[in-house]
Amino acid sequence: MIPYGKHLVDEDDVDAVVEVLRNQLLTQGTVVPKFEQALCEYTGANHCVAVNSATSGLHVACLAAGVVAGDSVWTVPNSFVASANCALYCGATIDFVDIHPLTRNIDISALETKLQYAATQNCLPKALIVVHFSGLSCEMQTIQKLTQLYSIVLIEDAAHGLGGSYQQSRIGSCVYSDMSVLSFHPVKSITSAEGGAVLTNQSQLYQKLQLFAKHGVTKDPSQYQGESHGPWYYQQLELGYNYRLSDLHAALGLSQLSKLDVFIQKRSELAKVYDNALADLPLKLPVVEPQFKSAWHLYMVELIQHDRHHVYQQLHDKGVGVNVHYIPIHLQPYYQQLGFKEGDFPVSEHFYQNALTLPLFPSLTDTEQAKVIAVLHEVLT
Ligand SMILES: *Cc1c(COP(=O)(O)O)cnc(C)c1O
């Protein structure tokens, strides 16, 4: 079975991890800061806090944004549940804005309308979490204008986006947002096994992110309330969590980061092959406008006249492990129990009905891709 996504770990990566195991501290050593520095250099952001998952990263980003009980946070239904759960962890309520049928990212005119209405009702969200679905950046400049107009903290769930860019800046640069969250889960652009990071250009947010990800504890005397007791001293200033990344994981992430551009290059070449080879089939293919460079986390197609369940099954029977992204978050039983229901976000629901994610990862061979293309032709014509 050809999977839809797969990590690529080579001997350099293995050596980097073993070197930490043999010679260095396993956690709170020098590798995590190096990885954070390298992520800043790659993305162009000023500050980075590495964490043990993007889910933890989204949680601390919400906490740093000041999200508390009584607040509301908005995101899109077309994402992994973590994009919404993070608001609930803070005791806030969640609401959704539907996606645009072409980009499958947040629908900006729907956002604008919803914000205008929320302003009249005095129920604007504290934070907006946008998702760069499949590695294609949202139209950040326009979104930032809106969030600034209404004083809303703008968080990018960039779990799909590392290696992509928008206008002149790389995804994660935070040029158009307050914070960006990355994931290093094995299906993403690069992996640290489990892991994530939060990027920001604002030193105040950086300080808060560090606190919330590390027990709320600081050893920085300039942050103390009152006097230090001595060199052993530390203070807990917030109710934080242990969301640290270990140096073992960071070693893998750092080694992988040096290959990121090669991975993205390979992903975009494979995507181009799909673009050409599938153009004659009854499918909606992904569209990438010139001001964007997709990280090609996913290559997803939308069926026009075939039944998705049937096509999914036939492809699996023939060894092509397609997947589906995403079951709209608001249709999950947990979210329906909060009051959401079918019909609330019709574009996301319609996309879900017809979407298929094709195999796309750096080690996908030409022969494997040719098989995917041939099987798709067989099933769809
Ligand atoms: C993978 C993913 C996450 C969660 O990432 P973890 O590192 O596994 O916690 C969050 N949001 C999106 C959009 C994702 O694809």
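- Looking at an unreviewed UniProt entry, one finds the chain named UDP-4-keto-6-deoxy-N-acetylglucosamine 4-aminotransferase and attributed to Paraglaciecola psychrophila 170.
- Its UniProt record gives the chain the following Sequence similarities (unreviewed entry) comment, quoted word for word: "Belongs to the DegT/DnrJ/EryC1 family."

**Structural notes on the sheet that holds strand β15 (residues 355-358)**
The pairing of strands in a sheet comes from backbone hydrogen bonds and takes either a parallel or an antiparallel form.
No. 1: Read across the open sheet, the three strands follow the order β12-β14-β15; overall the sheet is antiparallel. Every interior strand has two partners, whereas the edge strands, β12 (283-284) and β15, have only one.
No. 2: Sheet strands touched by helix α10 (residues 308-317): β14 (299-303) and β15. Its angle to β15, the strand with the most contacts, is close to 20 degrees.

**Quick notes on the pairing of β14**
No. 1: Counting buried positions along β14 gives five out of five residues, so the element sits mostly inside the fold.
No. 2: Of the two faces of β14, the one lined by Tyr 299, Val 301 and Leu 303 and the one lined by Met 300 and Glu 302 are each fully buried.
No. 3: In this sheet, β14 lies alongside β12 in antiparallel orientation, the contact comprising two bridges. Bridge pairing links Lys 284 to Glu 302 in β14.
No. 4: Sheet topology note: the β14/β15 ladder contains four bridges and is antiparallel. Opposite Met 300, over in β15, you have Thr 357 as the bridge partner.

**Digging into the site of the ligand**
No. 1: The local shell around the ligand holds 16 residues, among which Thr 55, Asp 157, His 160, Ser 183 and Lys 188 are the closest.
No. 2: Contacts to the ligand include Lys 188, whose side-chain N or O atom sits 3.1 Å from an oxygen atom.
No. 3: Compared with its free state, where it exposes 380 Å², the ligand has 92% of that area covered by protein.
No. 4: Of all the elements in the fold, those that place two or more residues in the shell around the ligand are α3 (54-64) and α4 (82-89).
No. 5: A per-class count over the shell around the ligand returns six nonpolar, eight polar and two charged.

**Digging into empty space enclosed by the protein**
No. 1: With the rule as written, the count across this model stands at four cavities of 30 Å³ or more.
No. 2: Size it by volume and the largest cavity reaches roughly 70 Å³.
No. 3: Every residue lining the largest cavity is counted, 13 residues in all, and those nearest its centre are Met 140, Glu 156, Arg 170, Ile 171 and Ser 173.
No. 4: Tallied by class, residues from the lining of the largest cavity come to six nonpolar, five polar and two charged.

**Considering the domain arrangement of the chain**
No. 1: The domains assigned to the chain are domain 1 (11-257) and domain 2 (260-380).
No. 2: Centre-to-centre separation of domain 1 and domain 2, based on C-alpha positions: 26 Å.
No. 3: Residue Arg 104 pairs with Glu 302 through a salt bridge whose shortest N-O separation is 2.4 Å.
No. 4: Where domain 1 touches domain 2, the interface holds 17 residue pairs in polar contact (both at pLDDT 80 or more).
No. 5: For the side of domain 1 that touches domain 2, the secondary structure elements donating two or more residues are α4, β3 (93-96), β6 (165-166) and α8 (247-257).
No. 6: Here the residues of the side of domain 1 that touches domain 2 are counted per class, giving 20 nonpolar, 15 polar and six charged.

**Focus: the pairing of strand β9 (residues 196-200)**
Every other side chain in a regular strand lies on the same face of the sheet, so the side chains alternate between the two faces.
No. 1: For β9, the tally of buried residues reaches five of five residues, placing the bulk of the element in the interior.
No. 2: Side chains Gly 196, Val 198 and Thr 200 project from β9 onto one buried face, and the interleaved Ala 197 and Leu 199 project onto a second face that is buried too.
No. 3: Inspection of the sheet shows strand β1 (residues 47-51) paired to β9 by five bridges, in the antiparallel sense. Looking at the pairing, Val 51 lines up with Gly 196 of β9.
No. 4: Note: strand β8 (residues 179-183) against β9, five bridges, orientation antiparallel. Paired with Ser 183 across the two strands is Gly 196, which belongs to β9.

**As for the environment of Leu 239**
No. 1: Among the secondary structure elements, Leu 239 is positioned in the loop between β11 (235-236) and α8.
No. 2: In this structure, the C-alpha to C-alpha distance between Leu 239 and Leu 257, residues 18 residues apart in sequence, is 32 Å.

**Considerations on the UniProt feature "active site" (unreviewed entry) in the chain**
No. 1: In the numbering adopted here, UniProt assigns the feature "active site" (unreviewed entry) to Lys 188.
No. 2: Judged by relative accessible area, Lys 188 falls into the buried class, the value being 15%.
No. 3: In contact with Lys 188, not counting residues within four places along its chain, are Ala 159, His 160, Ser 183, Arg 267 and His 297.

**What to know about the UniProt feature "modified residue: N6-(pyridoxal phosphate)lysine" (unreviewed entry) in the chain**
No. 1: Under the UniProt annotation, "modified residue: N6-(pyridoxal phosphate)lysine" (unreviewed entry) lies at Lys 188.
No. 2: Structurally, Lys 188 is set in the loop between β8 and β9.

**Some thoughts on helix α12 (residues 346-354)**
No. 1: Of all the positions in α12, only Ser 348, Glu 349, Phe 351 and Asn 354 are classed as buried.
No. 2: Where α12 is buried, its residues contact β14, α10 and β15.

Criteria and thresholds
- Residues numbered from 1 in each chain as written.
- Predicted model: local features only at pLDDT ≥ 70, side-chain atom pairs only at ≥ 80, totals over all residues.
- Heavy atoms only, no water.
- UniProt positions renumbered as here; feature names shortened; annotations may be inferred.
- Pairing = 2+ DSSP bridges.
- Helix = DSSP H or I, 4+ residues; strand = E, 2+ residues; numbered from the N terminus.
- Contact = heavy atoms within 4.5 Å.
- Axes fitted to C-alpha atoms, helices over the stretch in contact; angles between N-to-C directions.
- Buried < 20%, exposed > 50% of the residue type's maximum accessible area, 1.4 Å probe, protein only.
- Near = heavy atom within 4 Å.
- Polar contact = N/O pair within 3.5 Å; in protein donor to acceptor, adjacent residues only side chain to side chain.
- Areas by Shrake-Rupley, 256 points an atom, 1.4 Å probe, with all protein chains shown as cover.
- Nonpolar A, V, L, I, M, F, W, Y, C, P; charged D, E, K, R; others polar.
- 1 Å grid on protein atoms, 1.4 Å probe; cavity = no way out; pocket = protein on both sides within 12 Å on 5 of 7 lines; lining within 4 Å.
- Points joined across faces, edges and corners; volume = space filled by probe spheres on them.
- Domains from an automatic or database assignment.
- Salt bridge = Lys/Arg side-chain N within 4 Å of Asp/Glu carboxyl O.

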